[in-house]
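Structural features, examined
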Amino acid sequence: MTATARPDRDRTIEVTLDQREVTSLLRGVSPVLQTPFTDDGEVDLASFERVVDYVLGTGVSSVMFPGFAGEFYKLAEAERRRLSDLLIERVHRVRGVAVIIAVQDHATKLAVERAQQAVADGADAINLLPPYLLDPSLDAIETHIRAVLAAVPTTPVVVQYAPGETGTTLSAASLAEIAREHANLALVKVECSPPGPFIEDLAAQRPPLAGLEGYAGVQLPDAVRRGAVGTQPGCSFTEIYVEIWDRFARGDTAGGDALHARLLPYTSYWMLHTETINAAEKLISYRRGILASPVCRQPAHRLDAQEIAMIDRFLEEFADLLPTFEAGRVAPG
């Protein structure tokens, strides 16, 4: 993989953002986009365009792809590249929105090359999931992180800390040490449980590091109270996360707590397993008219009758916040 700019890109719609501006845009609600598939398990580009347009229409200032919520581990290289290119081109038609492209390669060489290629293609930021297969040493993990940061020195990088999914252990102190060497370590996405204490520890480092809360926002109120600057959930009900975040941002703590308490019985169940919430969010997007099919690529979780009934209750309860998707509803350019 060689980092070269794509000659077929429409350069007239690209927006150049400086590092400080991008880091600011990564705060707040930053959804991880789904990868839509047809009933036959093929990538559905038309549905992916609707996903992008829908999320932009909710008023977020950044999006990330592909993550666990996007089933990155089930995508062929060509599929991943095509979807990323489509995302960058479509988002860059809207000013003030940043595209975060994820890098999950286990080999440091490949991670470096993917990060450089993403930046060459127009990514505004990189989300880096450190290596975890076969239990690499802490030194190897930190070397990997440093190498990617050094490879894209003018691009903000979000380091994703997901010990539940990966078994990787990092410390706030070690991340701060890396940040002292690489100023483009912009944020840490914290997906340990609970995330709040780690976010607080990051903020106490020198330099202080900002934390994004992940894990479907299950513990978002505590994370906000401990200094989280944003949340990075899935995307099928982005409006709810935006409303919760906005309530906290304007000082309506009770309102934010109340709306989160209504959401929690659903997200806490779905987050029992990554494949469970992926299946649930796909069905929600399908019911809302965003996806043409709720299919996840196999192997996948098959929702049972009670889980489908839970999704029906969810859509009914939050109907005021989750309208049916209208094609063409995109944030102003």
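Computed from a predicted model, the values in this text were never measured in an experiment.

1. Looking at the pattern of salt bridges
Taken as a whole and judged by the stated rule, the model has 23 salt bridges. For Glu49, the salt bridge is made with Arg90, and the minimal N-O distance between the two is 3.8 Å. Here Glu49, found in helix H2 (residues 45–56), pairs with Arg90, found in helix H3 (residues 77–91); they are 41 residues apart in sequence, far enough to count as distant.

2. Description of the packing of H3 against helix H4 (residues 108–121)
Interhelical geometry of H3 versus H4 gives an angle of 35° and a closest axis separation of 10 Å. Crossing of H3 over H4 shows right-handed handedness. Taken together, the residues of H4 that come into contact with H3 (itself represented by Glu77, Arg80, Arg81, Asp85 and Ile88) are Arg114, Gln117, Ala118 and Asp121. Considered class by class, the residues forming the contact of H3 with H4 number two nonpolar, one polar and six charged.

3. Notes on the packing of aromatic side chains
This model, assessed by the stated rule, comprises 14 aromatic pairs. Ring centres of Phe68 and Phe72 lie 5.2 Å apart, and the angle between their planes is 65°; on these two criteria the pair is classed as edge-to-face. Exposure remark for Phe68: the relative accessible area of 16% places this residue in the buried category. By relative accessible area, Phe72 is classed as buried at 11%.

4. Regarding the environment of Leu25
For Leu25, the position within the fold is in helix H1 (residues 19–25). Placed 136 residues apart in sequence, Leu25 and Tyr161 show a C-alpha to C-alpha distance of 20 Å.

5. With respect to the sheet that holds strand E1 (residues 28–29)
Pairing is parallel in the open sheet, where eight strands are placed in the order E1-E8-E7-E6-E5-E4-E3-E2. At either end of the open sheet lies a strand with only one pairing partner, and these are E1 and strand E2 (62–65). Of the strand pairs in this sheet, strand E3 (residues 98–103) and strand E4 (residues 125–128) are connected by four bridges, and their pairing is parallel. Looking at the pairing, Ala102 lines up with Asn127 of E4.

6. Focus on the pairing of E3
Counting buried residues along E3, six of its six residues qualify, which places the element largely inside the surrounding structure. Side chains Ala98, Ile100 and Ala102 project from E3 onto one buried face, and the interleaved Val99, Ile101 and Val103 project onto a second face that is buried too. Inspection of the sheet shows E2 paired to E3 by four bridges, in the parallel sense. Residue pairing in the sheet places Val63 in a bridge with Val99 of E3. With H3 bridging E2 and the parallel E3, this β-α-β connection has right-handed handedness. Handedness of the E3-H4-E4 crossover: right-handed.

7. Observations concerning the packing of helix H11 (residues 253–270) against helix H13 (residues 305–317)
Contact geometry of H11 with H13 gives a least axis separation of 11 Å together with a crossing angle of 150°. One finds that H11 runs roughly antiparallel with respect to H13. Considering how the two elements wind past one another, H11 and H13 form a crossing that is left-handed. On H13, the residues touching Arg262, Leu263, Tyr266, Tyr269 and Trp270 of H11 are Glu307, Met310, Ile311, Arg313, Phe314 and Glu317. Its residues assigned to classes, the contact of H11 with H13 shows seven nonpolar, no polar and four charged.

8. Let's talk about H4
Between the first and last C-alpha of H4 there are 20 Å, a value that for 14 residues agrees with the 20 Å anticipated at 1.5 Å per step. Within H4, the full set of buried residues consists of Ala111, Val112, Glu113, Arg114, Ala115, Gln117, Ala118 and Asp121. Among the structural elements, H3, E3, E4 and helix H5 (138–151) are those in contact with the buried residues of H4. Directly beyond the C-terminal end of H4, a positive phi value near 120° is found at Gly122.

Parameters and conventions
Residues numbered from 1 in each chain as written. Predicted model: local features only at pLDDT ≥ 70, side-chain atom pairs only at ≥ 80, totals over all residues. Heavy atoms only, no water. Salt bridge = Lys/Arg side-chain N within 4 Å of Asp/Glu carboxyl O. Helix = DSSP H or I, 4+ residues; strand = E, 2+ residues; numbered from the N terminus. Axes fitted to C-alpha atoms, helices over the stretch in contact; angles between N-to-C directions. Left-handed = near helix turned anticlockwise from the far one by under 90°. Contact = heavy atoms within 4.5 Å. Nonpolar A, V, L, I, M, F, W, Y, C, P; charged D, E, K, R; others polar. Phe/Tyr/Trp six-rings, centres within 6.5 Å; stacked < 30°, edge-to-face > 60°. Buried < 20%, exposed > 50% of the residue type's maximum accessible area, 1.4 Å probe, protein only. Pairing = 2+ DSSP bridges. Right-handed = clockwise from strand over helix to strand, strands pointing away. Parallel < 35°, antiparallel > 145°, perpendicular 65-115°, else oblique. Expected span 1.5 Å × (residues − 1).

From the geometry alone we can't say anything about function, so treat these as descriptive.
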